[in-house]
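Structure assessment
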Amino acid sequence: MSSNFFAMVNRMKLIDRWALMQNTSNENIAEHSHCVAVIAHALALIGNRKFGKSYDAERACLLAIYHDTTEVITGDMPTPVKYYNDDIKNVYKDIERIAGERLLAMLDEDLRNEYVPFFTKQDEDKELWALVKAADKISALIKCIEEKRMGNREFDSALEKQEKIIDAIDLDEVRYFREHYLPAFYLTLDEHTK
């Protein structure tokens, strides 16, 4: 029997983000998930090394890689629509759950349980999912910064909103990342190489 799971995951590169915005550079959910995975891994390591936490950094990275995979079925719902009100938000969460179940059903039974935590949040991963969510927000901020640096005024208010969201995240790891690593994203290549 042939499984469609990995072929579907591979389609993440076809799902564009920021559909309601004029972009200077398109971003798909595969690229976004890579960025979120890198940041979630870094947040976990920062937490462990700087703040005495005991995060499983590799697991945080894996959760982040798969965090938007259901969008190969649902597409990327624009944030203003997805969070317009609680009714829409709850219906969309149900749609995401069903999409996750469909993807899991594409796996061989002996592998399926290994992938369940990527589509159904487990209590033991609660702290890691908080890091993934924070990394997701940081990734969105980075996209806004990049668009703004390219002169795209379309992202002015999104940038301002994302900066406030990051400032409001109450995690030591995020504050450290914001202070020590985010400023570099505002620089040009020439400023990086001086």
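One structure accompanies this document, and this report is about it.

Procedures and definitions
Residues numbered from 1 in each chain as written. Predicted model: local features only at pLDDT ≥ 70, side-chain atom pairs only at ≥ 80, totals over all residues. Heavy atoms only, no water. Core = buried A, V, L, I, M, F, W, Y, C linked by side-chain atoms within 4.5 Å. Buried < 20%, exposed > 50% of the residue type's maximum accessible area, 1.4 Å probe, protein only. Helix = DSSP H or I, 4+ residues; strand = E, 2+ residues; numbered from the N terminus. Contact = heavy atoms within 4.5 Å. Polar contact = N/O pair within 3.5 Å; in protein donor to acceptor, adjacent residues only side chain to side chain. Phe/Tyr/Trp six-rings, centres within 6.5 Å; stacked < 30°, edge-to-face > 60°. Axes fitted to C-alpha atoms, helices over the stretch in contact; angles between N-to-C directions. Parallel < 35°, antiparallel > 145°, perpendicular 65-115°, else oblique. Left-handed = near helix turned anticlockwise from the far one by under 90°. Nonpolar A, V, L, I, M, F, W, Y, C, P; charged D, E, K, R; others polar.

1. Topic: the nonpolar core
Counting residues in hydrophobic clusters, the biggest one holds 50 residues, and the most contacted among them are F5, L43, Y115, F119, I138, V174 and L182. Broken down by secondary-structure element, the contributors of at least two residues to this core are helix 1 (5-10), helix 2 (29-51), helix 3 (57-66), helix 6 (86-105), helix 7 (109-119), helix 8 (126-149), helix 9 (156-168) and helix 10 (172-180). Sorting elements by how many residues they give to this core places helix 8 first, with 12 residues. The residues touching Y115, leaving out its near neighbours within four places in the chain, are F5, F6, Y66, L104 and L107.

2. Digging into helix 3
All buried positions along helix 3 are accounted for by A57, A60, L63, A64 and Y66. For helix 3, the N-terminal capping position is held by D56, with its side-chain oxygen 3.3 Å away from the main-chain nitrogen of E58.

3. Regarding the packing of aromatic side chains
The way to describe two aromatic rings as a pair is by their centre distance and the angle between their planes. Tallied over the entire structure, the rule returns 12 aromatic pairs. Between the aromatic rings of F51 and Y176, the centroid separation amounts to 6.3 Å while the plane-to-plane angle is 80°, which identifies the pairing as edge-to-face. Here F51, found in helix 2, pairs with Y176, found in helix 10; they are 125 residues apart in sequence, far enough to count as distant. Accessibility expressed as a relative area gives 34% for F51, which makes it partly exposed. Relative accessible area serves as the criterion here: at 17%, Y176 is assigned to the buried category. A network of ring pairs unites the aromatic residues F5, F6, Y66, Y115, F118 and F119 as a single cluster.

4. Things to note about the packing of helix 2 against helix 8
In contact at an axis separation of 8 Å, helix 2 and helix 8 are set at 125° when each is read in the N-to-C sense. One way to sum up the angle between helix 2 and helix 8 is to call them oblique. As for the relative orientation of helix 2 and helix 8, their crossing is right-handed in sense. Counted together, H32, C35, V36, I39, A40, L43 and A44 of helix 2 and L131, V132, A134, A135, D136, I138, S139 and I142 of helix 8 form the full contact between these two elements. Taken together, the residues of the contact of helix 2 with helix 8 sort by class into 12 nonpolar, two polar and one charged.

5. Some details on the environment of E147
With respect to the helices, strands and loops of the structure, E147 is situated in helix 8. A C-alpha to C-alpha distance of 24 Å links E147 and H41, two positions 106 residues apart in sequence. Excluding its chain neighbours within four sequence positions, the residues that come into contact with E147 are Q22, N23, T24, S25, N152 and F155.

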